[in-house]
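So the chains spell out like this:
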Amino acid sequence: MVSLRADISPWTSDIGDLKQKNLYRHMPNISGIPGRIINVNGREALNFSSNNYLGLAGHPKIIEATVRSVREFGAGSTASRLIAGNTEIHRELERFIAEWKGVEATVLFGSGYQANVGVISGLMGPDDLIVSDELNHASIIDGCRLAKSRVIVYPHSDLNRVEDALRLSGFRRKLVVTESVFSMDGDRAPLQEMDSLCRKWGASLMVDEAHASGVLGPHGQGLASEMGVIPEIQMGTLGKAAGTSGAYVAGSKSLIELIVNRARSLIYTTAAPPGTIGAALEALKIVTSPEGDERRSRLARNNEMFNSLLYQELSIDTLPSHIVPVMIGDSGRTMSISAACIGGGIFAHGIRFPTVPEGTARLRFTLMSDHTHTDLKKAVNILKTAFENSRNDPKFTASAIDHAQVST
Ligand code: PMP
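Calculation notes
- Residues numbered from 1 in each chain as written.
- Predicted model: local features only at pLDDT ≥ 70, side-chain atom pairs only at ≥ 80, totals over all residues.
- Heavy atoms only, no water.
- Pairing = 2+ DSSP bridges.
- Helix = DSSP H or I, 4+ residues; strand = E, 2+ residues; numbered from the N terminus.
- Near = heavy atom within 4 Å.
- Polar contact = N/O pair within 3.5 Å; in protein donor to acceptor, adjacent residues only side chain to side chain.
- Nonpolar A, V, L, I, M, F, W, Y, C, P; charged D, E, K, R; others polar.
- pLDDT = per-residue confidence, 0-100.
- Contact = heavy atoms within 4.5 Å.
- Axes fitted to C-alpha atoms, helices over the stretch in contact; angles between N-to-C directions.
- Parallel < 35°, antiparallel > 145°, perpendicular 65-115°, else oblique.
- Left-handed = near helix turned anticlockwise from the far one by under 90°.
- Disulfide = S-S within 2.5 Å.
- Buried < 20%, exposed > 50% of the residue type's maximum accessible area, 1.4 Å probe, protein only.
- Phe/Tyr/Trp six-rings, centres within 6.5 Å; stacked < 30°, edge-to-face > 60°.
- Lys NZ or Arg CZ within 6 Å of the ring centre and 35° of its normal.
- Salt bridge = Lys/Arg side-chain N within 4 Å of Asp/Glu carboxyl O.

Novice: Before we move on, can you summarise the sheet that holds strand β3 (residues 43–47) with the specific residues and values?
Specialist: The strand order across the open sheet formed by four strands is β1-β2-β3-β12, and the pairing between neighbours is mixed. The outermost strands of the open sheet, each flanked by one partner alone, are β1 (30–31) and β12 (346–347).

Novice: Run through the site of the ligand, naming residues and quoting values.
Specialist: The ligand sits among 13 residues. The nearest are Gly112, Tyr113, Asp208, His211 and Lys240. Contact distances for the ligand include 2.7 Å between an oxygen atom and a backbone N or O atom of Gly112. Residue Tyr113 places a main-chain N or O atom 2.9 Å away from an oxygen atom belonging to the ligand. Examining the composition of the shell around the ligand, we find that three residues originate from one element, helix α4 (residues 112–123), more than from any other. Taken together, the residues that form the shell around the ligand break down as two nonpolar, eight polar and three charged.

Novice: Can you break down the confidence of the model for the chain residue by residue, with the values?
Specialist: Any segment with low pLDDT has predicted coordinates that should not be analysed in fine detail. Put simply, the chain has an average pLDDT of 94, and 94% of its residues get 70 or more. Low pLDDT (under 50) marks residues 398–408, which in the prediction has 32 contacts with non-local residues, meaning those over four places away or in another chain.

Novice: Account for the packing of helix α3 (residues 88–101) against helix α11 (residues 274–287), with residues named and values stated.
Specialist: Each pair of packed helices gets described by two things: the angle between the helix axes and the distance between those axes. One can describe the packing of α3 onto α11 by two numbers: an axis separation of 9 Å at closest approach and a directional angle of 25°. Of the possible angle classes, the one that applies to α3 and α11 is roughly parallel. For the crossing formed where α3 meets α11, the hand is left-handed. Every residue of α11 that contacts α3 at Ile89, His90, Glu92, Leu93, Phe96, Ile97 and Trp100 is listed here: Pro274, Ile277, Gly278, Ala280, Leu281, Leu284, Lys285 and Val287. Considered class by class, the residues forming the contact of α3 with α11 number 11 nonpolar, two polar and two charged.

Novice: Tell me about the sheet that holds strand β13 (residues 350–351), and name the residues and values.
Specialist: Overall, antiparallel pairing links the three strands, which are arranged β11-β14-β13 in an open sheet. What marks the edges here is a single partner per strand, and that holds for β11 (323–329) and β13. Strands β11, β13 and β14 (361–366) of the sheet are contacted by helix α13 (residues 331–343), whose axis makes an angle of about 35° with β14.

Novice: An account of the state of the cysteines is requested, with residue identities and associated values reported.
Specialist: In total, this model carries zero disulfides according to the counting rule given. Summary of cysteine pairing: Cys144 is not part of a disulfide, and the nearest cysteine sulfur, belonging to Cys198, is at 14 Å. Judged by its relative accessible area of 4%, Cys144 is buried.

Novice: Give me the lowdown on the packing of helix α12 (residues 290–314) against helix α14 (residues 373–392), citing residues and values where you can.
Specialist: Packing of α12 against α14 leaves a shortest axis separation of 10 Å and a crossing angle of 30°. What the angle tells us is that α12 and α14 run roughly parallel. Once α12 is placed against α14, the crossing between them reads as right-handed. Residues Asn302, Met305, Phe306, Leu309, Leu310, Glu313 and Leu314 of α12 touch α14, and the partners they reach there are His373, Leu376, Lys377, Ala379, Val380, Leu383, Lys384 and Phe387.

Novice: Tell me about the packing of aromatic side chains, residues and numbers included.
Specialist: In this description, an aromatic ring pair is defined by two values, namely the gap between the centres and the angle between the planes. In total, this model carries four aromatic pairs according to the counting rule given. Ring centres 6.1 Å apart and planes at 20° place the aromatic pair Phe48 and Phe306 in the stacked group. Taken together, the positions of Phe48 in the loop between β3 and α2 (60–73) and Phe306 in helix α12 put the pair 258 residues apart, joining distant regions of the chain. What makes Phe48 buried here is its relative accessible area of 0%. When its relative accessible area of 1% is taken as the criterion, Phe306 is described as buried. Grouped by ring-pair contacts, the aromatic residues Phe48, Phe306 and Phe365 constitute a single cluster. Here Lys19 stacks its cationic end above the ring of Tyr24, 4.6 Å away from the centre of that ring. The ring of Trp100 has Lys101 sitting right over it, with the charged end atom 5.8 Å from the ring centre.

Novice: Account for the environment of Thr372, with residues named and values stated.
Specialist: Tracing the backbone through its elements, the reader meets Thr372 in the loop between β14 and α14. For Thr372, a relative accessible area of 33% gives the class partly exposed. Note: C-alpha distance between Thr372 and Arg298 (74 residues apart in sequence) is 9.3 Å.

Novice: Before we move on, could you go through the pattern of salt bridges and cite the residues and values that matter?
Specialist: Applying the stated criterion to the full structure yields 19 salt bridges. Here Glu282 ties to Arg68 by a salt bridge, and the two come within 3.8 Å at their closest N and O atoms. Of this pair, Glu282 sits in helix α11 while Arg68 sits in helix α2; the two residues are 214 residues apart in sequence, bridging distant segments of the chain. Classification of Glu282 by relative accessible area gives buried; the value is 14%. Close ionic contact of Arg298 with Asp370 constitutes a salt bridge, the shortest N to O distance being 3.3 Å. Taken together, the positions of Arg298 in helix α12 and Asp370 in the loop between β14 and α14 put the pair 72 residues apart, joining distant regions of the chain. A relative accessible area of 22% places Arg298 in the partly exposed class. Each of Glu291, Glu294, Arg295, Arg298 and Asp370 takes part in a single network of salt bridges with overlapping partners.

Dropping the structure here:
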């Protein structure tokens, strides 16, 4: 057996480089069911870091449904949807989503990442133009790269620049792609205006509703519905507000037919396991029920309250949203403030380049319907203390940061 000495490994210098730039990442250890309280590296904290906006990940009915589906359909799907993995429960979930979203057809993907990569690269090719927001998620960026189309990245939500790009001619097809609620900023894309521009210039609109699906719009249909817009291609995830896993793409019959024929991240991968699909079906039943409405109203109230507390206590002026960026700038300082928050019992993860543009590191607070007003007050108080300490304490300078921001 060959034993490798760390000092000759080809990877160590890259790791050293990441550490030196305060961009080194590690995976915190989570245990138990992640709800309003989460156990991070053995320590309990109020959870402001998950996308479990409606608190459904631990819902007893969804857990039960998972077990039922596993009993009925088995532990695994055993093959791609296109070979032997297309079970009745997959089809039932697709029918449910189509009815919920008011579209002709839908198709499931194993994750939102797979959906964006597969759909964009499956529909678009070298003779096409893709117009993409500069803050779009990595999965959209990677889909654009794989499509090999001409890609124009426009400044965040800048409609003039979208129109400038759409004026260009000589392409087989044009696609404008945007998130609806932006994952790291919590703001909303101007979907009505984008839809009008797409109609004017003969382009298709693709909207990633990962952070709006289940949270906004009637019955949690998403932001597009709330704004009265029907994008040609709607993508949403099941691993965030729905508390389970996977993603869907919704649209016309022909769109879904082409995706099934072209999306490599659907064709060449094992279908999502029945347990996950059964769980997602139950989750969407809750999302679309009066219980879902009640959870959404609690979340909306929490968004407003957190927003006012941040302004009152810290003069932080953000939009009321379930995703709240607390901008810091420097990566090291961000991670040290995050560590101090954990020490005070608040889990708000630091977000750095390349997830967000360089120099815009931040704490990303995500709110849940289950947070109480006392939780929100505690979060803001702890954050305030962490900010003050960071300003006064020399160990909270960028150069002296221990990267293990949530170590015990
Ligand atoms: N799109 C957006 C906007 C996201 O934030 C994410 C996940 N962070 C994804 C897609 C990918 O979804 P999933 O986690 O299901 O792969």
